[in-house]
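What follows is the residue order along each chain.
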Amino acid sequence: MSPSFEIARELHIPGLGIADIVSVFTKSRNTILHAFEMKIKDWRKALAQAYRYKYYADFSIVVMPPGEVIKAKQSLSLFHAINVGLWTFDAERKVIERIYHPEKEKPISITAYNKALTILARQLKSLPVS
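Residues numbered from 1 in each chain as written. Predicted model: local features only at pLDDT ≥ 70, side-chain atom pairs only at ≥ 80, totals over all residues. Heavy atoms only, no water.

Description of the pairing of strand 2 (residues 17-27)
Working step 1: Two strands pair when backbone bridges link them, and strand 1 (residues 4-13) and strand 2 are joined in this way by 9 bridges, in the antiparallel orientation. From the neighbouring strand, Ile-13 faces strand 2, where its bridge partner is Gly-17.
Working step 2: Counted along the chain from strand 1 to the antiparallel partner strand 2, the turn is 3 residues long, and its residue Gly-15 has a positive phi close to 85°.
Working step 3: Of the strand pairs in this sheet, strand 2 and strand 3 (residues 30-38) are connected by 7 bridges, and their pairing is antiparallel. (Pairing = 2+ DSSP bridges. Helix = DSSP H or I, 4+ residues; strand = E, 2+ residues; numbered from the N terminus.)

Written out as structure tokens, the structure reads:
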């Protein structure tokens, strides 16, 4: 199996919220999920939502505009403590900056992970279900 990379929008896992974007990287029967929560404001709400994505994702990341991410950076220790990433996206310059990239972790729930893969397989049609 050759490596593949797919992106899905608005992945809804009942009880765990709706991730704005999910990237799926598959190589040699190993699938890695990144879940992204995009917020214009309210980093606390974004952090809470992104934490729930850890139930099925290997990486969970909050993405905010540069002006708003300043507030989140003041509490960067919280992002580190629960291993949720913090990135900024400058739409005008089309630049992404990784402020904190989380460590890879196994999803909290294998059931939620498998459910996410099943939903993504239907949504993307090219993703193999293991």
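Now that the structure is up, let's keep going.
Description of helix 1 (residues 43-53)
Working step 1: Buried residues of helix 1: Trp-43, Ala-46, Leu-47, Gln-49, Ala-50 and Tyr-53, and no others. The buried residues of helix 1 occupy one face: seen down the axis, they fall within an arc of 170°. (Buried < 20%, exposed > 50% of the residue type's maximum accessible area, 1.4 Å probe, protein only. Arc of directions from axis to C-beta.)

Let's talk about the confidence of the model for the protein
Working step 1: On average, the protein scores 92 in pLDDT, and the residues at 70 or more come to 95%.
Working step 2: The weakest mean pLDDT in the protein belongs to strand 1 at 89; the strongest belongs to strand 4 (residues 59-64) at 98. (pLDDT = per-residue confidence, 0-100.)

Some remarks on helix 4 (residues 110-124)
Three- or four-residue spacings in an α-helix give side chains the same orientation, since the helix completes a turn every 3.6 residues.
Working step 1: The end-to-end C-alpha distance of helix 4, which contains 15 residues, comes to 20 Å, matching closely the 21 Å that a straight helix rising 1.5 Å per residue would cover.
Working step 2: The secondary structure elements touched by the buried residues of helix 4 are strand 1, strand 2 and strand 3.
Working step 3: Positive backbone phi, approximately 65°, marks Lys-125, located one or two places after helix 4. (Expected span 1.5 Å × (residues − 1). Contact = heavy atoms within 4.5 Å.)

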